[in-house]
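Each chain, letter by letter, is given below.
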Amino acid sequence: MIHPPTSSALDAEPLTPSAGRCPVHHHGSSDRKSPHPTEPTAPQLEQDAQGVWHVRGYHEARTILRGESRQAGFKAEMMGKMPTYMKPPVLFMEGEAHREQRRQTAKFFTPITTRAYHGLMERYADRILSELKRAGRADLSDISLKMAVLVAAQVIGLTSSPLAGMEQRIESFLREEEDPTGKLKKGLRFLSDQWRLGRFFLVDVLPAIRARQNSPQEDLITHLLDSGYGSTEILTECITYGAAGMATTREFISVVTWHLMEQPEMRAWYLKASEEERYAFLHELLRLEPVVGHLYRRTTETM
């Protein structure tokens, strides 16, 4: 049995929900790469001066997430501006509607389904390594985004684009920009946002919709069409699954590579480990280096 080397980045107690507290040691040095601020491990429930509750206990968080609360992150306030006839994106669905949509789309993300993409990923990885050896350097953020887009596009069904460069079009939704001030700047930002949406829709989403109307496939867009989604609703879901999913995948690939490049002992273990052990390692690293550091919810009843 191969055991991973000890690292301060992974020095954590096993996750024990019954303990009801964060299992990660927050004292001393840490090799964490995530920029999220470290939360204290106690108290389990705490209300700050602004009236916002901070929930750190496992059971407390699970109760709230399963109770009467609503999505408050990912610009949830924009949902109020959507036409009432539109189906809400899965990211903002609540309760049974959310669970049902998750059940229906889960088949596109099962290990058996995603295993079919292994050959595609391996061929792309071989190409990346070949280019890296030739050039001597590469931008990890760029190549990890291309890998994420390559796979996610297959799952979603964004495979009919007449122009290359979908990763750049998707990345344009992810750029962090300061909120504009003044009518002119706000107007220019609005036009810029509409241009990016229109470009993504016309070049990537609409061709995929038309292709699947003529020839349905086992992918998300076909499922949405079968569920009665319109083109605007499909565009919204493609941004949700595409932009958000691809960005999180890119960040996780980058942080794993960062750890393995910095720690030769860990890298040597990983290369010799079995597939099951590598998955366990990746799951643990994802727990310690969450792409999303906080979940924001708005309560609809007294806690």
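Above this text sits the structure in question.
A brief look at the structure comes next. (Residues numbered from 1 in each chain as written. Predicted model: local features only at pLDDT ≥ 70, side-chain atom pairs only at ≥ 80, totals over all residues. Heavy atoms only, no water.)

### A look at the overall build of the protein
Here's step 1: Each helix and strand in the protein was counted, giving eleven helices and four strands.
Here's step 2: Counting only residues that meet the buried cut, the protein has 31% of its 303 residues in that class.
Here's step 3: Relative to all contacts within the protein whose residues are 6 or more apart in sequence, the contacts with residues 24 or more apart total 65%.
Here's step 4: Surface accessibility of the protein: about 19,300 Å² in total, with carbon and sulfur atoms responsible for 56%. (Helix = DSSP H or I, 4+ residues; strand = E, 2+ residues; numbered from the N terminus. Buried < 20%, exposed > 50% of the residue type's maximum accessible area, 1.4 Å probe, protein only. Contact = heavy atoms within 4.5 Å. Areas by Shrake-Rupley, 256 points an atom, 1.4 Å probe, with all protein chains shown as cover.)

### Concerning the packing of helix α7 (residues 183-214) against helix α9 (residues 231-262)
When two helices pack together, their arrangement is captured by the angle between the axes and the distance separating the axes.
Here's step 1: Here α7 crosses α9 at 105°, and the two axes come no closer than 10 Å. Relative to α9, the element α7 lies roughly perpendicular. Of the residues in α9, those touching α7 at Leu 197, Phe 200, Phe 201, Val 205 and Ile 209 are Ser 231, Ile 234, Leu 235, Cys 238 and Ile 239.
Here's step 2: Taken together, the residues that form the contact of α7 with α9 break down as nine nonpolar, one polar and no charged. (Axes fitted to C-alpha atoms, helices over the stretch in contact; angles between N-to-C directions. Parallel < 35°, antiparallel > 145°, perpendicular 65-115°, else oblique. Nonpolar A, V, L, I, M, F, W, Y, C, P; charged D, E, K, R; others polar.)

### Structural notes on the layout of surface pockets
One water molecule sets the probe size; rolling that probe over the atoms shows where empty space is left.
Here's step 1: As a volume, the second largest pocket reaches approximately 390 Å³.
Here's step 2: When residues of the lining of the second largest pocket are traced back to their parent elements, those giving at least two are α4 (118-135), α5 (140-156) and α6 (166-171).
Here's step 3: Counting residues per element, the lining of the second largest pocket draws most heavily on α5, which supplies seven residues.
Here's step 4: Its residues placed into classes, the lining of the second largest pocket shows 13 nonpolar, four polar and six charged. (1 Å grid on protein atoms, 1.4 Å probe; cavity = no way out; pocket = protein on both sides within 12 Å on 5 of 7 lines; lining within 4 Å. Points joined across faces, edges and corners; volume = space filled by probe spheres on them.)

### A few points about the packing of α5 against α9
Here's step 1: Between α5 and α9, the shortest axis-to-axis distance is 8 Å and the interhelical angle comes to 140°. When the axes of α5 and α9 are compared, the pair comes out oblique. In the crossing of α5 with α9, the sense of the turn from one axis to the other is right-handed. Between α5, through Leu 140, Ser 141, Ser 144, Leu 145, Met 147, Ala 148, Val 149, Ala 152, Ala 153 and Ile 156, and α9, the contact on the second element is made entirely by Cys 238, Tyr 241, Gly 242, Met 246, Thr 249, Arg 250, Ile 253, Ser 254 and Thr 257.
Here's step 2: Here the contact of α5 with α9 is composed, by residue class, of twelve nonpolar, six polar and one charged. (Left-handed = near helix turned anticlockwise from the far one by under 90°.)

Any functional reading would require information that these geometric values do not contain.
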